[in-house]
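Analysis of the macromolecular model
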Amino acid sequence: DAGAGDASADASAEAPPPRPRVRDRFPAACFNDGADAAATFPAVLADLLDWLPGLMGMPLDDVKPEDLLLVSVRDWEVQ
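No experiment lies behind these values; they were computed from the predicted model shown.

Overview of helix H3 (residues 41–56)
- For H3, with 16 residues, the first-to-last C-alpha span of 22 Å sits near the 22 Å given by 1.5 Å per residue.
- Once H3 ends, the next one or two residues include glycine 57, with phi positive near 70 degrees.

Looking at the confidence of the model for the chain
- In the predicted model, the chain carries a mean pLDDT of 78, and 71% of its residues have values of at least 70.
- The least confident element of the chain, judged by mean pLDDT, is helix H1 (residues 2–13) at 57; the most confident is H3 at 92.

Re the pattern of salt bridges
- Tallying each qualifying case throughout the model produces 1 salt bridge.
- Its salt-bridge partner being arginine 21, residue aspartate 24 comes within 3.5 Å of it at the nearest N-O pair. An identical accessibility class is assigned to aspartate 24 and arginine 21; each is exposed.

How each quantity is defined
Per chain, the residues get numbers from 1 upward, laid out in the order the sequence is written. A pLDDT threshold of at least 70 governs which residues receive local features in this predicted model, and a stricter bar of 80 or more applies before side-chain atom pairs are shown or counted, although totals over entire chains, interfaces and linings include all residues. With hydrogens and water set aside, each side-chain value is computed from the structure's full complement of heavy atoms. Each helix is a run of DSSP H or I of at least 4 residues and each strand a run of E of at least 2, with the numbering of both proceeding from the N terminus. To estimate how far a helix should reach, multiply one less than its number of residues by 1.5 Å. Per residue, pLDDT measures the predictor's confidence, with a range of 0 to 100. What makes a salt bridge here is a side-chain nitrogen of Lys or Arg within 4 Å of a carboxyl oxygen of Asp or Glu, nothing more. Only protein chains enter the accessibility calculation, which uses a 1.4 Å probe; a residue whose area is less than 20% of its type maximum is buried, one above 50% is exposed, and one in between is partly exposed.

So this is what it looks like as structure tokens:
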């Protein structure tokens, strides 16, 4: 009976197999590894300002702050 107790102790002491890393499950193109791979903030802002008028159906000069509502998951993201 002592051997059976040792076997269960050994089984419970074994660590579960490691989970596959996210980088191993998805293609490299899914990750922003290069410093120059991401668009700069000014470029993204320019794209946003080009996109908004078409979305809102009005010229950019007519868009007022009260026309927009920026929503984020956490309040610190828009600070």
